[in-house]
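Structural overview
Listed below are the residues making up each chain.
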Amino acid sequence: MSTPPDTEVIRVLLVDDHAIVRAGLRMLIGSEPGLQVVGEADGRASALDRAARLQPDIILLDLDLGGDSSLDFLPDLLANVPQGRVILLTGTRNPDEHVRAVRLGAMGVVLKEQAADVLVRAIQKVHAGEAWLDPTLTARLLTGMAPGRGAKQVDPETVKIAALTDREREVIALICEGLQNKTIGQRLFISETTVRHHLTSIFSKLGLENRLELVIYAYRHGLAQPPR
Amino acid sequence: MDRLISDLPTLANRTTTLSHDVERRHGLRVDLPFPATVRGIDATGERFTVNTQLDNLSACGLYFRLERTVEPGAHLLLVVRLATAPNAGLRVALRGTVLRTEAHDDGRCGVAVAFDRHRFLYVSAFVDCP
């Protein structure tokens with residue numbers, strides 16, 4: 001008795017801030033049997049929204065979304081798609097970013113410079129439950145997991161602080177200067193709402209609950225200096 | 001000062017805080033001589049408002065020295081300037097309770113305070129903070 005053909009289609013969500021890149025990916029993936037692009041997003045908000053609504057099998061996530069790192073919301077993205085898996089699609093060769101992406105939940109990392117069929121195979125493998133990582137990245141991850149071997153033990157606060165974006169560091173510095181959200185927004189040419197979003201992200205990353213804790217944390221860990 | 005403290009968000013009502021969070025927050029401390037104004041009632045029953053400097057400040061409490069003694073359990077209002085320079089930095093108003101006191105060699109009374117409310121003061125009208 002023959003096995004029925006596997007007719008399951010892998011549903012893919014594209015997250016990239018460049019429309020031309022999304023169009024190219026849509027053509028590439030759409031031409032591949034068994035793959036289907038079900039949606040596109042160009043930033044954080046649309047990615048979280050479409051991921052929650054469409055429940056794709058695979059999310060192809062660009063690392064750099066117009067100056068914002070998609071790693072900042074990768075955990076939220078995965079929380080919105082419990083059955084979905086994320087493949088980081090990036091032009092950066094920075095292995096630290098790749099390791100960080102995997103630690104945050106990405107199951108694959110594909111460089112944009114790689115051949116198109118590599119991406120297709122990565123999607124298929126990750127959808128099948130495998131990881132798609134190059135051997136060097138795998139070694140870095142394993143070294144980091146082995147206690148006392150390879151990489152030196154890292155202070156957990158250092159890891160938290162490393163997760164902050166440049167913009168979030170600017171917001172922290174301005175809070176320590178004594179500025180309110182509205183004034184910070186004016187200083188950085190962003191809305192007060194955006195400042196609040198940055199603050200929420202900062203609190204989450206650093207495990208803090210309020211502004212006073214943030215100021216103390218910033219002084220203690222050198223993110224800001226008290227006026228002398 | 002009382003008016004500024006009156007509707008501060010309370011931390012004491014947070015019953016869901018996990019013990020390890022509390023420990024971590026206690027560990028979040030800076031040992032800097034931030035100037036502070038302290039208002040309260042001392043061990044003799046006399047009201048006082050004095051300027052002093054903190055020994056340290058954490059997310060839950062602070063420590064400073066006074067020329068007079070206060071009793072454990074006494075309620076204090078404080079305004080702390082989060083700067084070591086005069087007329088600079090953030091100011092925060094705090095309401096707290098004296099946890100313990102201890103005599104120092106310099107004759108002053110060391111006071112450990114746990115605060116349950118705080119508010120940042122962004123206006124410049126507050127005049128009695130050093």
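Scroll up to find the structure this text is about.
This write-up is about the structure you can find in this document.

Looking now at the nonpolar core. Ranked by internal contacts, the top residues of the largest apolar core, which has 55 residues, are L206(A), L62(B), F64(B), V80(B) and L82(B). At seven residues, helix α11 (residues 211-220) of chain A tops the list of elements feeding residues into this core. Once residues within four sequence positions are removed from consideration, V80(B) is found in contact with F34(B), P35(B), A36(B), L54(B), L62(B), L90(B), R91(B), V92(B) and L94(B). V15(A), A47(A), L61(A) and L65(A) belong to the second-largest nonpolar core, a separate cluster that totals 21 residues.

Between side chains of opposite charge, a pair can form when the charged atoms approach closely. This model, assessed by the stated rule, comprises 23 salt bridges over all chains. For the salt bridge of R26(A) with E40(A), the shortest nitrogen-to-oxygen distance reads 2.5 Å. You can see R26(A) sitting in helix α1 (residues 19-30) and its partner E40(A) sitting in strand β2 (residues 35-41), a full 14 residues away along the chain. For R68(B), the salt bridge goes to D42(B), with nearest N and O atoms at 2.9 Å.

Before going further, it helps to spend a moment on the packing of aromatic side chains. Per the counting criterion, the structure on display carries one aromatic pair over all chains. Plain terms: the ring middles of Y219(A) and F34(B) are 6.1 Å apart, the flat faces sit at 45 degrees to each other, and that makes the pair tilted. Of this pair, Y219(A) sits in helix α11 while F34(B) sits in the loop between β1 (29-30) and β2 (35-41), which puts the two residues in different chains. Note on accessibility: Y219(A) and F34(B) belong to one class, buried.

All names here are of chain A. The geometry of helix α10 (residues 192-206) relative to α11 is characterised by a closest axis approach of 11 Å and an angle of 60 degrees between their N-to-C directions. With respect to the hand of their crossing, α10 and α11 are arranged in left-handed fashion. Contact with α10, carried on its side by L199, I202, F203 and L206, involves R211, L214 and Y217 of α11 and no other residues of that element. Tallied by class, the residues present in the contact of α10 with α11 amount to six nonpolar, no polar and one charged.

Bringing the interface of chain A and chain B into the picture now. With 20 residues of chain A at the interface, the matching set in chain B holds 26 residues. In this assembly, chain A packs against chain B so that about 1,900 Å² is buried in total across both faces, 66% of it on carbon and sulfur atoms. On the chain A side of the interface with chain B, the three residues burying the most area are L212(A), I216(A) and P227(A), jointly 30% of the side's total. Counting every contact that joins chain A to chain B gives zero salt bridges.

The next point concerns the sheet that holds β2(A). Residues and elements named next belong to chain A. The strand order across the open sheet built from five strands is β2-β1-β3-β6-β7, with neighbouring strands paired in parallel fashion. Where the open sheet ends on each side, the last strands, each with one partner, are β2 and β7 (108-111). The average angle at which neighbouring strand axes cross in this sheet is 25 degrees, direction not considered. For strand β1 (residues 10-15) and strand β3 (residues 58-62), the ladder comprises four bridges, and the chain directions are parallel. Looking at β3, one finds that V12 is bridged to I58. Contacting β1, β2, β3, β6 (85-90) and β7, helix α5 (residues 116-127) crosses the sheet at an angle of about 160 degrees to β6.

Quick notes on the rules
Along every chain, residues carry numbers that run from 1 in the direction the sequence is written. Chain labels run from A onward and ligand labels from 1 onward, assigned in the order the entries are written. Reporting in this predicted model follows two pLDDT cut-offs: at least 70 for local features of residues, and 80 or more for side-chain atom pairs to be given and counted; totals over whole chains, interfaces and linings ignore these cut-offs and use all residues. Excluded from the side-chain calculation are hydrogens and water; included are all heavy atoms of the structure. What is meant by a nonpolar core is a set of buried Ala, Val, Leu, Ile, Met, Phe, Trp, Tyr and Cys residues, joined one to another through side-chain atoms within 4.5 Å. Only protein chains enter the accessibility calculation, which uses a 1.4 Å probe; a residue whose area is less than 20% of its type maximum is buried, one above 50% is exposed, and one in between is partly exposed. The helix count covers DSSP runs of H or I at least four residues long, the strand count covers runs of E at least two residues long, and both are numbered beginning at the N terminus. In this analysis, two residues are considered to be in contact whenever any of their non-hydrogen atoms come within 4.5 Å of each other. For salt bridges, the criterion is a side-chain nitrogen of Lys or Arg within 4 Å of an Asp or Glu carboxyl oxygen. Note on ring pairs: Phe, Tyr and Trp rings are taken, using the six-membered ring of Trp, and paired if centres are within 6.5 Å. Classes follow the plane angle, with under 30 degrees stacked, over 60 edge-to-face and the rest tilted. Angles here are taken between N-to-C directions and fall from 0 to 180 degrees, while the axes themselves are lines fitted to C-alpha atoms, restricted in helices to the stretch in contact. Handedness of a helix crossing follows the sense of rotation of the near helix relative to the far helix, less than a right angle counterclockwise being left-handed and clockwise being right-handed. Here the nonpolar group is Ala, Val, Leu, Ile, Met, Phe, Trp, Tyr, Cys and Pro; Asp, Glu, Lys and Arg are the charged ones; every other residue, Gly included, is treated as polar. A quick way to say it: buried area is the sum, across both parts, of accessible area lost when two parts are put together, with a 1.4 Å probe. Being paired, for any two strands, means DSSP has found at least two bridges between them.

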